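Summary of the model geometry
Okay, here's what each chain looks like letter by letter:
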Amino acid sequence: MSGIAAVWRLDGVPLDPTTLDLVVDRLTPRPADAIGTWQDGPVGLGHRMLHTTPESVQQKLPLANSTGEVVVTAEARLDNRAELISTLGLPPRLADGIGDAELILHAWERWGEDCPARLLGDFAFALWDARQRLLFCARDPAGVRPLYYHLGARLFAVASRTSALLALPDVPRQLDEVRIAAHLVPGLHDRTATSYESILRLPAAHCLAVGTGRGTPRAYWRLDPTRELRGSDAEYSETFRELFTDAVRCRLRSASPVAAALSGGLDSSSVVCVARALQEAAGTGPLVTYTGRFPTIPGCDEGAYVAVVEAGGGLAPRHLPADALDPLGDLEGTPELEGETLQIPGYYMHRALYRAARADGLRVFLEGTGGDIVVSHGMGYLHELARRGRWLTLRREARLFARAFERPTWRTLRSVAASAAPPVVRRTWRRLNRRGLLGAPSLIQPEFARRIGLDERVRAAEPAWNGAGMDGARREHWRAMTSARLAGILETLAASAGAAGIDVRDPFLDRRVMEFCLALPASQKIRHGRTRVVARHALAGFLPPEIRDRPGKAPLDLMIRSALVVYGRERLDRLMNEAAGVLAPYVPPDSVRRVHREYVERGTRQDVGRVWRFATLTLWLRHTVR
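Summarised in this report is the structure supplied together with it. It should be emphasised that the depicted structure is a prediction, and the values quoted were computed from it without experimental measurement.

Turning our eyes to something else, we now look at the overall build of the protein chain. Counting its regular elements, the protein chain contains 25 helices and 19 strands. Per-residue burial for the protein chain yields a buried fraction of 57% across its 626 residues. The long-range share in the protein chain, meaning contacts at least 24 apart out of those at least 6 apart in sequence, stands at 71%. A total of about 24,800 Å² of accessible surface is found on the protein chain, and carbon and sulfur atoms cover 52% of it.

A few words now on the pairing of strand S15 (residues 315–321). The pairing of strand S14 (residues 287–293) with S15 spans seven bridges and is classified as parallel. Paired with threonine 289 across the strands is proline 317, a residue of S15. With respect to chirality, the unit in which S14 leads through helix H8 (residues 303–310) into the neighbouring parallel S15 is right-handed.

Closest axis-to-axis distance for the helix H6 (residues 233–251)/helix H7 (residues 266–282) pair is 9 Å, and the angle between their directions is 75°. Classified by the angle their axes make, H6 and H7 are roughly perpendicular. Contacts between H6 and H7 pair Phe244, Thr245, Val248 and Arg249 from the former with Ser270, Val271, Val274, Ala275 and Leu278 from the latter. Looking at the contact of H6 with H7 residue by residue, the class counts come to six nonpolar, two polar and one charged.

A few words on the pairing of strand S6 (residues 121–129). Taking burial as the measure, the nine residues of S6 include nine buried ones, the bulk of the element. Burial along S6 is two-sided: Gly121, Phe123, Phe125, Leu127 and Asp129 facing one way and Asp122, Ala124, Ala126 and Trp128 facing the other are all buried. Across nine bridges, strand S5 (residues 70–78) lies against S6 in antiparallel orientation. Looking at the pairing, threonine 73 lines up with alanine 126 of S6. Here S6 pairs with strand S7 (residues 134–139) via six bridges, running antiparallel. In the sheet register, aspartate 129 faces S7, and the bridge partner there is leucine 134. Remark: four residues form the turn of the hairpin made by S6 and S7, two consecutive strands paired antiparallel; arginine 133 in that turn has positive phi of roughly 50°.

Parameters and conventions
Residues numbered from 1 in each chain as written. Predicted model: local features only at pLDDT ≥ 70, side-chain atom pairs only at ≥ 80, totals over all residues. Heavy atoms only, no water. Helix = DSSP H or I, 4+ residues; strand = E, 2+ residues; numbered from the N terminus. Buried < 20%, exposed > 50% of the residue type's maximum accessible area, 1.4 Å probe, protein only. Contact = heavy atoms within 4.5 Å. Areas by Shrake-Rupley, 256 points an atom, 1.4 Å probe, with all protein chains shown as cover. Pairing = 2+ DSSP bridges. Right-handed = clockwise from strand over helix to strand, strands pointing away. Axes fitted to C-alpha atoms, helices over the stretch in contact; angles between N-to-C directions. Parallel < 35°, antiparallel > 145°, perpendicular 65-115°, else oblique. Nonpolar A, V, L, I, M, F, W, Y, C, P; charged D, E, K, R; others polar.

In structure tokens form, the structure reads like this:
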């Protein structure tokens, strides 16, 4: 994806062109199709271009309006172009040539700070309006495009990578210890914090205007948890199919052939099968798919499911030996360490697929990462049954769920029963567990926890619920879709894709799909142990029965554990020994050693997760603290 930056010296001192060049040089992609800068006294905008839409090939950014008083830099793919062109009164002949950044420029001139709410698609942009002495920036509703900023007494700067902001001398490099804790403690997420105290994240669906007396992010759009749909199964299925199909169609708009991930799971298969049908109808294709294979790891290889999708034709499959990937070895030299900490364990597999696609000359890559969260497994319904004390119904649903996923019923019941306890009890349990008072190793140094106010921060990290009277299933769904965890996942993937010169697009993260799925009743999310009901019904005409009816997916923790044992055992042992010293200000060294020992002896999902967090945080601190 393209990279953007904007810098404004609030003290009025002219911006050094060399400084702006340094900022732009730290953006991705590398190499870029085009590099552009614009400067006027204390203000400068920059752009590193990756041609991914037909219009972007002719687009030169930053772009000024006819008077030169408004300038924009943008990383955007707008999906309601025809609507915008009509509403803005632009000549219809421009439909095939006008760039998305130019549409944003026209939208600003018509609607000002309300323009982001009128845009549909994935975008991040920064805009300078000399008439108002105002620097304005915004980010798309799902947070697909990353955007960070520094706002100090003398400087306001915005960029799509934190490392670009760190090129500015006025931006301090002091680490934010809360972010370090967030990497260690599940559930501690912050929608605005980054790894540096002086740099903040602009949250998804937010804009920020800095001028005279302004500088506070403002939400321009929110998921509405009070909206609840009423209809039949057939009506729900038809609407989902229409929305999802259009979301895929919008993401196929590309200047070059499109690639897609195909894991054999429900989400990636849904994206691939719908995209294939659309391309066949349009006479384009084939769709190039990338699959990571794990033939040497029992229970992990999805080859049989992938094969039934490929049997439908219309694809150009590429299979990668994912069981030969060395997760930590590849990670040690990655440029993504120059910004945020690593958020998700499966990061290295996505990165390998992106690299392979770029090596084949592709730039646009379809993903289905958001499917689990947006369509929802409906586990909030089981939690609601527990909270209401409807134990017989819970037992029946849990038994059916466990049978579908081939897991013990008691494990499902255990995972939801705790939700029936009052919040204070749950918080106390988590606090005691973090401190190592319930048998597990303490993951946080007591002094570190006190210094950052860990308990209060964990409590505050839960999204505030503003849907009084709504059922628990919708509450859990809304929390998942608005959580900082999703933002972390998307930004990790964006960093990986940017380093590879890839534009990642996820139809599940279309604003229309998100709004619709949240408003569905619980019966469309889970029914008789069957999850993601609406998607299975709606896409029955696209998906092979083997995919439509499969309950789950291969265990990610088993893949990572096998990869670490086979390709990185010595490296992991060395890293964990190093971690005991590097992480000592944050984690008791004895806890690091114990976690490592338990991982070697047991290798449970929890053990794998803890070892991964310790190892990747050690790599990041080693790279950052110099």
